[in-house]
Amino acid sequence: MELKRKLEILADAAKYDASCASSGSHRTRKRNGIGNTEGMGICHSYTPDGRCISLLKLLLTNVCIWDCSYCINRRSSNVPRARFKPDEVVQLTIDFYKRNYIEGLFLSSGIIQNADYTMEQLIRVAKTLREEHSFGGYVHLKAVPGASRELLLEAGKYADRLSANIEMPVQGDLDKLAPEKTIAEIEDTMADVKLGIDDARDRGKKFTFARAGQSTQLVVGASDSTDKTILTKAEALYNKFQLRRVYYSAFSPAAFTDPNLKKEKTPPMREHRLYEADWLIRNYGFAAHEVTTGLEGGNLDLENDPKLAWALRHRSLFPVDVNRASKSLLLRIPGIGIRNVSRILSIRRFHRLGLEDLARLKVTLSRAKWFITTADHNPDVFQLDTAKLSSLVKRNAIQPSLFGDQTLLSTAITGEI
Ligand code: SF4
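Below: a short report on this structure. All values derive from a computational prediction rather than experimental measurement. Sequence positions are assigned chain by chain, starting from 1 and proceeding in written order. With the structure being a predicted model, the display of local features is reserved for residues of pLDDT at least 70 and the display and counting of side-chain atom pairs for 80 or more, all residues being used for whole-chain, interface and lining totals.

**Considerations on the site of the ligand**
Around the ligand, the structure places Cys64, Trp66, Cys68, Cys71, Asn73, Arg74, Gly110, Ile111 and Ala178. Here the nonpolar group is Ala, Val, Leu, Ile, Met, Phe, Trp, Tyr, Cys and Pro; Asp, Glu, Lys and Arg are the charged ones; every other residue, Gly included, is treated as polar. When the residues that make up the shell around the ligand are grouped by side-chain class, the tally is six nonpolar, two polar and one charged. Near, for a residue, is defined by distance from a backbone-placed C-beta atom to a molecule or strand, with 6 Å as the limit that must not be exceeded.

Listed below in C-alpha cells is the structure:
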C-alpha cells in the first residue's frame, strides 16, 4: 500500500483519541476557503510550558486483536486496514517537521500480537527519532495496557507524555463493551508510568522521564455510567496516579451496532460540562462529590455550568462578602475565576472593593452580582431564593454576540468559571 493511502487511513483512525486538544472540533468552511479542523493528521496539544503546538497524530496500525465495541478499529469492524513500519512513521515525522507542519508526534496503535510487541513498536519509533535523528520535538506515546514495566519505563525515556486510556469508569462497563480490558491492568500500567516519573524526580532528573506526565481518556455516553460515576473515577485517578489530564470523549453511535452500546448520540454539551467540572476539581478546590451530589439522574446540568449549578443548590452559603470571605469561598462564586480571586485578595488589603472595582477586574458581574456583597452592593436576599434565579442569571449573562454564548467563549479563552 502506498504511503499516502496509509497516512489517510491511519491519521483518520487516530482522530477518535481525544487526548489532543483539537480533537472533535467541527467548523464549516466556505467554498474556496482554506483550513480544515477535521482533515487527517494534525492535532494540537499543550507543552509543559503552556505553548500550543501542532502534532502529527497517527496510529501505527488500526489492525487490532481486541474488540472494544465503542472503537472503530475493533477486530470485528469492517474498515480498511493499514500498518506503518516504524521507520515510515519516523520519516513522516521528520519530513513534516522539516516543512514546519508539526512540532511533534502523537502515536497510538491497535494491539498487534500482544501488548508487549505493540509497545516495542511504539518505542522503536520514539527511540529512532531521539537517538538517530536527534529529534527534540514533543512525543506523546500510547502506554499499552498490560505492557511490561520494563517497556513502559523505556518508553518514558523517549516520550514527553504517556497515556493509557481507561475508557470506562467501572469494570462492569468494560466487561460489557471491552471484554479484553480490565481496570486493574490499566491502572497497573498507570502505576508503572508513575513509578518512572517519581523515580526520575527523586533522582533530581525529572526531565528525563515523561516530562509532561501521563493522561487518560474516558468515553462518555457509550454505557449507562453517569457523570457522577465518571467524575468520581477521574478524581480517583488524579489522586492515585497524579495524572496531568483526564480527557472526555463524547460517544457517537453512528458506526456501531453492538446492542450493549447506548443508541443515543451523546450531546457535545455533556462532554463540555464534564470538562468544566474537571476544571473545578483540579483548580477550584471542589471535590467530585460536591459537583455531583444532588444531580438529577447523576448527570451534570446541561443548562447551567457546574459552578453555577452548585451555587444554586447551596444558596444558603450566599451572598458572599468579597471583602471578607476566605479564598476557598471566593473560588465558589459563579463568575469569579482563579485570577480574579488572587487579585481580590491582594486589593482588599488596601481598600474595600465595590462593584466598579470588580468591573475593572473584568469579573463577570452579570453572574456574580446575585451571589456577592461588596462595599456598595447588597443584593436582595429574597432574589437569591427565587426559583427563577437560574434564568435571571442566564438572561443577564448571555449577551447577543458575534460568537454566540459569551459565557462559553470566555470560559474557553480564560479557563475562568
Ligand atoms: S484496544 Fe484500542 S484500538 Fe483495539 S479495539 Fe480497543 S480501543 Fe480500539
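That shown, we press on.
**Focus on unusual backbone geometry**
With omega at 0°, the peptide bond leading from phenylalanine 318 into proline 319 counts as cis. Runs of E in the DSSP output that reach at least two residues are strands. Runs of H or I that reach at least four are helices, and both are numbered from the N terminus. Examined against the element boundaries, proline 319 turns out to sit in the loop between α10 (306-313) and β8 (320-321). Backbone geometry places asparagine 100, a non-glycine residue, at a positive phi of 70°. Located in the positive-phi region is glutamine 242, a residue other than glycine, with phi close to 50°. Here glutamine 242 is to be found in the loop between α7 (227-241) and β7 (245-250). Partly exposed residues are those whose C-beta has more than 12 but fewer than 20 other C-beta atoms within 10 Å; with 20 or more the residue is buried, with 12 or fewer it is exposed, and the C-beta atoms are placed from the backbone. Residue classification places glutamine 242 among the partly exposed residues on the basis of 14 C-beta atoms within 10 Å.

**Side note on the environment of lysine 176**
With respect to the secondary-structure elements, lysine 176 resides in helix α5 (residues 171-177). We classify lysine 176 as partly exposed; it has 17 C-beta atoms within 10 Å. In the structure, lysine 176 is positioned 84 residues away from asparagine 260 in sequence and 6.8 Å away in space, judged by C-alpha atoms. The contact criterion used is a C-beta to C-beta distance within 7 Å, with each C-beta placed from the backbone. If we ignore the near neighbours within four places in the chain, the residues touching lysine 176 are Ser223 and Asn260.

**Here's the deal with the nonpolar core**
Residues enter a nonpolar core if they are buried, belong to Ala, Val, Leu, Ile, Met, Phe, Trp, Tyr or Cys, and are joined to the set through C-beta atoms within 7 Å. Counting residues in each nonpolar core, the largest one holds 101 residues, and the members touching the most others are Leu107, Leu122, Ala126, Leu141, Ala143 and Ala155. Of the residues forming this core, the biggest block, six residues, is contributed by helix α3 (residues 115-132). Those domain boundaries reflect an automatic or database domain assignment. Here this core spans two domains, since at least three of its residues come from each of domain 1 (3-266) and domain 2 (268-398 + 408-417). With near-sequence residues (within four places) excluded, alanine 155 lies in contact with Met119, Leu122, Ile123, Ala126, Leu141, Ala143 and Leu162.

**Quick look at the pairing of strand β3 (residues 104-108)**
Most of β3 is tucked away, with five of its five residues classed as buried. Between any two strands, pairing holds if DSSP finds at least two bridges. With five bridges joining them, strand β2 (residues 52-59) and β3 adopt parallel strand pairing. Of the residues in β3, the one forming a bridge with leucine 55 is glycine 104. The handedness rule is simple: strands pointing away from the viewer, and a clockwise path from the first strand over the helix to the second, make the crossover right-handed. Note on the crossover from β2 through helix α2 (residues 86-98) to β3: the handedness is right-handed. Sheet topology note: the β3/strand β4 (residues 138-142) ladder contains four bridges and is parallel. Among the inter-strand pairings, glycine 104 is bridged to a residue of β4, identified as tyrosine 138. In the classification by handedness, the crossover that spans β3, the intervening α3 and the parallel β4 is right-handed.

**Section: the packing of helix α4 (residues 149-158) against helix α6 (residues 183-202)**
For the pair α4 and α6, interaxial distance at closest approach is 9 Å and the crossing angle is 50°. The pairing of α4 with α6 is recorded here as oblique in orientation. The handedness of the crossing between α4 and α6 is right-handed. Where α4 abuts α6, its residues Arg149, Leu152, Leu153 and Gly156 lie against Thr189, Asp192, Val193 and Gly196. In the contact of α4 with α6, the residues fall into three nonpolar, three polar and two charged. To get an axis, a line is fitted to the C-alpha atoms, and for a helix only the part in contact is used. The angle between two axes follows their N-to-C directions and goes from 0 to 180 degrees. Each angle receives one of four descriptions, namely roughly parallel if under 35 degrees, roughly antiparallel if over 145, roughly perpendicular if within 65 to 115, and oblique otherwise. By convention the crossing between two helices is left-handed if the near helix lies anticlockwise of the far one by an angle smaller than a right angle, and right-handed if it lies clockwise.

**Points about α2**
An ideal rise of 1.5 Å per residue puts 18 Å on 13 residues; α2 measures up with 19 Å between its terminal C-alpha atoms. Val89, Val90, Leu92, Thr93, Phe96 and Tyr97 are the residues of α2 that are buried. Down the axis of α2, the smallest arc covering the buried residues is 165°, so these residues share one side. Summarising the geometry of α2, the exposed residues directed more than 90 degrees from the buried face are Asp87, Asp95 and Lys98. Contacts from the buried residues of α2 go to α1 (3-14), β2, β3 and α3. Residue asparagine 100 follows α2 closely and has a positive phi angle near 70°. The span one expects for a helix is its residue count, reduced by one, times 1.5 Å. This arc corresponds to the set of directions leading from the helix axis out to the C-beta atoms.

**Quick word on the packing of α2 against α3**
Packed helices, taken two at a time, are described by the angle their axes make and the gap between the axes. For the pair α2 and α3, the least separation of the axes is 9 Å and the interaxial angle reads 40°. In terms of their interaxial angle, α2 and α3 are classed as oblique. Like other packed secondary-structure pairs, α2 and α3 cross with a definite hand, here right-handed. Contact residues: Pro86, Val89, Val90 and Thr93 in α2; Gln121, Arg124, Val125, Thr128 and Leu129 in α3.

**Description of helix α12 (residues 338-347)**
Of the residues making up α12, those classed as buried are Asn340, Val341 and Ile344. All buried residues of α12 fall inside an arc of 105° around its axis, so they share one side. Exposed side of α12, more than 90 degrees from the buried face: Ser342 and Ser346 are the residues found there.

**Points about the environment of phenylalanine 241**
Mapped onto the elements, phenylalanine 241 comes out in helix α7. In sequence terms phenylalanine 241 and glutamine 214 are 27 residues apart; their C-alpha atoms lie 8.5 Å from each other. Leave out the neighbours within four places in its chain, and phenylalanine 241 touches Met190, Ala191, Lys194 and Gln214.

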